[in-house]
Amino acid sequence: MIQGIPENIVVGSHVWVGDPELVWVDGLVLNINGEGAEIETSNEKKVVSHLSKLHPKDTEAPADGVDDMTKLAYLHEPGVLNNLETRYKINEIYTYTGNILIAINPFQSLPHLYDANVMKRYKGATIGDLSPHVFAIAEAAYRAMITEEKSNSILVSGESGAGKTETTKMLMRYLAYLGGNTASEGRTVEQQVLESNPVLEAFGNAKTVRNDNSSRFGKFVEIQFDKFGRISGAAIRTYLLEKSRVCQISDPERNYHCFYLLCASPPEEKEKYKLGDPRSFHYLNQSSCYELVGVNAAQEYLSTKRAMDIVGISQEEQDAIFRVVAAILHLGNIKFAKSEETDSSVLEDEESKFHLQTAAELLMCDPDALEVALCKRVMITPEEIIKRSLDPLGATVSRDGLAKTLYSRLFDWLVDKINKSIGQDPNSKCLIGVLDIYGFESFQTNSFEQFCINFTNEKLQQHFNQHVFKMEQEEYTKEGIDWSYLEFVDNQDVLDLIEKKPGGIIALLDEACMFPKSTHETFSQKLYQTFKDHKRFIKPKLARSDFTIVHYAGEVQYQSEQFIDKNKDYVVPEHQEMLSASKCSFVSGLFPPLSEETAKSAKFSSIGSRFKLQLQQLMETLNHTEPHYIRCVKPNSLLKPGIFENMNVIQQLRSGGVLEAVRIKCAGFPTHRNFHEFLTRVRVLAPEVLRGNFEEKDSCKKILEKIGLTGYQIGETKIFLRAGQMAELDARRACLLSNSATVIQKQIKTHISRKTYNALRQSSIFVQSFCRGGLARRSYYHMKREAAATRIQTYMRGKLARKWYTEIRISAIVLQTGFRTMAVHDQFRYRKKTVASTRIQVRAVPVM
């Protein structure tokens, strides 16, 4: 893993620092003291870390992440993890790392991502034109096959529950959409290929602790195309079926789906096979889990039968298949007890006799012959043939061996039948292979199966590393970059440890299997002696027979107790003879009679060696194709949507080789930027260069020369920077921007202060004007009221004076009139009296 760049981390830098729970957490550097730094993290903690353990954070990264992680400014572990989490939170489950697709299981249905319209959009599009998608990888493989006339392969890997099976289904759906072609008998080749999935899932998948539908075998589907790009044939190759699951399961796991489907079949079929509740069968009731959430076993049984119809399995063959499956369940219920004879066994009770009779009827063989085959062994010596009885434990082992052999032969027959039904095109020159294979496994208990699985992943990791290295070389060659100094980090030493002849682990295991007295302890001691100085092999301190291998994805401690037994793959002659004599042609066809030479060589066959050979053939096939990689990731162990567990994801990225690809990129030039993007980011370091009207390539060169950076290379369209150089440029840029920001802040603060003062002054003047105007208006208002009051008073006083005057005048006139009238009356009376007196006087005076 690339370490931090101490000289580029300063106070105020945004960094990623290790965290025991979140793996990585972002923070701000508060203080640097020598080689230590004090960081305030985003979860409000203060931690102290060594500078070399810090990684710079890109504060300018898009809020919704980048769709291709090669676009990250800092291509390191925390950057990759953060980008995946950011995209997962917005339901962007696909992300590229170059041409590698990382697919994070959403644990929910997202039908809008896979409908016909989406397939139509991706048809003809190249990687990068549209958002990352599984269809884009299938499209790239198909177009490369058509244009280059070369076979391609798509390798889907990931741990159990990561979504490999569903991803493979989507790949095959899209390839069927691109190359649809009608076959004979009304069934299309692509239909048969697609419908082979539910058949193989029913017989090859089971619920594990990590996944409700875990493939317990590896699968490589070769889809053949004619010269017009139409599907013309297909073939399915399978690897390492987990046979031990047939007889032994742990809680809360389940056995293979087909057993539970058959127990949920219609009543008439259950009666025919004499089946009942799954809880009544030993091979199923070792676990308390019998049903899967959201799965209707009865409907799945009918769907599986329909799929068998489509792939060309007749009703008679289907009946025979389910009779064998039912017979295996009945075999598991046969129990043995000690007989009166020494070291021999008999059927324990009537129930065991019933199940033995039923199993014999279903297999159409003699019940007595079945009992003898389970309880006795024939030893051939030069002098005589000896029949040896088995004790109850030996008979139980014999029973389980028969069940595993039956199931293994049945599964191989299904694969062979599907291949024959679909048919292969002998004239096809190009194919697309889809590899759905188990990912790296490390459990509390790791046995022979995990050893083979991890051996497979070591092989595929080497192929993956070579491909990533090759892509880097092609990129550098295309851009005219010198890559001769790059070193390819190989895991060949681990592969030699496992498969090398004559001293590898598999060779030593085969050797141990050849000696009857060998035990797992003697085998382990041999490993300790042989590999005591091997850097990839560790002997655990407190274990007597365990051993640890340092794989590319981490250390795995293996328990060797069952290695020898599980590596032996041979059919017991008594089982072979009994089943080959079956009256059922299907069952006898599973166990054809062996020639004497074959029978002698069949005493021991190494599963490990055969698997190694199969793996070599697979690698040869892959090496002749152009590979495309899909890494499936399980975001959480709860199998629920919306939860992203950093520790869980980072372990898968490490074991899936994604971080190895990042490391390979970091060994060369991890940062690739086209000239325009580079200038946009660092132009502030030399603004005078941009004013010179140079070509973008020359401008980049002049900027880097001014800065004094060395070790970079300039290609035809991009600039290539070594690990840490982008961080150095960003540190200088941040320093320059910080200083510039200080100057700008001063000017801005001055401007803001001046603006604030002027605004306050204008405001105060405005307020004063407003107040004075208000006071003036108020004064004018009062003056106006006063003037109006005065005028009203004047008018009122005048009116009252006039009224008073008028009243007085009228009164005066009335009085004057009265007085005058009285005076006139008085005068008139006086005159009248005078006249009267005169007249009287006249009359009284005599005339003289």
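See the structure shown above.
Residues numbered from 1 in each chain as written. Predicted model: local features only at pLDDT ≥ 70, side-chain atom pairs only at ≥ 80, totals over all residues. Heavy atoms only, no water.

J.: Before we move on, could you go through unusual backbone geometry and cite the residues and values that matter?
T.: For residues besides glycine, phi is generally negative; the peptide bonds are generally trans as well. Cis rather than trans, the peptide bond between D251 and P252 has omega equal to 5°. The topology assignment puts P252 in the loop between β12 (231–239) and α6 (257–263). The omega torsion of the bond from K501 to P502 falls at 5°, within 30 degrees of zero and hence cis. Relative to the elements of secondary structure, P502 occurs in the loop between α14 (492–499) and α15 (505–514). With a phi close to 55°, F107 is a non-glycine residue in the positive phi region. (Helix = DSSP H or I, 4+ residues; strand = E, 2+ residues; numbered from the N terminus.)

J.: Please give an account of a nonpolar patch on the surface that cites residues and values.
T.: There is a patch of nonpolar side chains on the surface, built from V684, L736 and L737 and spanning about 190 Å² of accessible area. Relative to the assigned elements, L737 resides in helix α27 (residues 725–844). (Patch = residues over 30% accessible without salt bridge, like charges linked within 9 Å, V, L, I, M, F, W, Y side chains within 5 Å. Areas by Shrake-Rupley, 256 points an atom, 1.4 Å probe, with all protein chains shown as cover. Salt bridge = Lys/Arg side-chain N within 4 Å of Asp/Glu carboxyl O.)

J.: Give me the environment of Q224: which residues, what numbers.
T.: Residue placement: Q224 occurs in strand β11 (residues 218–225). Each C-alpha atom of the pair Q224 and A61 lies 43 Å from the other, and the pair is 163 residues apart in sequence. Residues in contact with Q224, not counting those within four places in the same chain, are R230, I231, S232, G233, A234, Q424, D425, S428, C430 and L431. (Contact = heavy atoms within 4.5 Å.)

J.: How would you sum up the sheet that holds strand β4 (residues 46–50)? Please name residues and give values.
T.: One open sheet holds the 5 strands; their spatial order is β4-β3-β2-β1-β5, and the pairing between them is antiparallel. Two strands close off the open sheet at either side, each with one partner strand: β4 and β5 (55–56). Each of β1 (14–19), β2 (23–33) and β5 touches helix α1 (residues 77–89); the most contacted strand, β2, lies at about 130° to it. (Pairing = 2+ DSSP bridges. Axes fitted to C-alpha atoms, helices over the stretch in contact; angles between N-to-C directions.)

J.: Break down α14 for me, with residues and values.
T.: For the α-helix, the turn length of 3.6 residues means that residues three or four positions removed from each other point alike. Residues of α14 that are buried: V494, L495, L497, I498 and E499. The buried side chains of α14 occupy one side of the element, clustering within an arc of 165° when seen end-on. (Buried < 20%, exposed > 50% of the residue type's maximum accessible area, 1.4 Å probe, protein only. Arc of directions from axis to C-beta.)

J.: Could you give an account of the pairing of β11, with specific residues and numbers?
T.: In terms of residue burial, β11 counts as a mostly covered element, since 8 of its 8 residues are buried. The side-chain alternation of β11 yields two buried faces, one formed by G218, F220, E222 and Q224 and the other by K219, V221, I223 and F225. Strand direction decides the pairing type here: β11 and β12, joined by 8 bridges, are antiparallel. By the bridge assignment, K219 is partnered in β12 with T238. Between β11 and β12, which pair antiparallel and follow one another directly, the connecting turn spans 5 residues, one of which, G229, has a positive phi of 80°. Sheet analysis places β11 next to strand β17 (residues 430–436), joined by 7 bridges and oriented antiparallel. Residue pairing for β17: F225 is matched across the bridge by C430.

J.: Break down the nonpolar core for me, with residues and values.
T.: With 134 residues, the main nonpolar core has F203, F259, I630 and L653 as its most contacted residues. Top contributing element to this core by residue count: helix α12 (residues 392–422), with 12 residues. (Core = buried A, V, L, I, M, F, W, Y, C linked by side-chain atoms within 4.5 Å.)

J.: So what's going on with the packing of aromatic side chains? Which residues, and what values?
T.: Applying the stated criterion to the full structure yields 24 aromatic pairs. Between the aromatic rings of Y114 and F135, the centroid separation amounts to 6.0 Å while the plane-to-plane angle is 80°, which identifies the pairing as edge-to-face. Here Y114 is found in the loop between β7 (100–104) and α2 (116–122), whereas its partner F135 is found in helix α3 (residues 134–148), with 21 residues between them in sequence. Classification of F135 as buried rests on a relative accessible area of 0%. Ring geometry for W413 against F586: centres 4.7 Å apart, planes inclined by 75°, an arrangement best described as edge-to-face. In this pair, W413 is assigned in helix α12 and F586 in helix α19 (residues 585–590), connecting sequence segments 173 residues apart. Across the pair, exposure class does not vary: W413 and F586 are buried alike. Through successive ring pairs, a cluster of aromatic residues spans F448, F451, F523, Y528, F531, F537, F547, Y558 and F563. The residue whose ring lies beneath K539 is Y528, and the NZ or CZ to ring-centre distance is 4.9 Å. (Phe/Tyr/Trp six-rings, centres within 6.5 Å; stacked < 30°, edge-to-face > 60°. Lys NZ or Arg CZ within 6 Å of the ring centre and 35° of its normal.)

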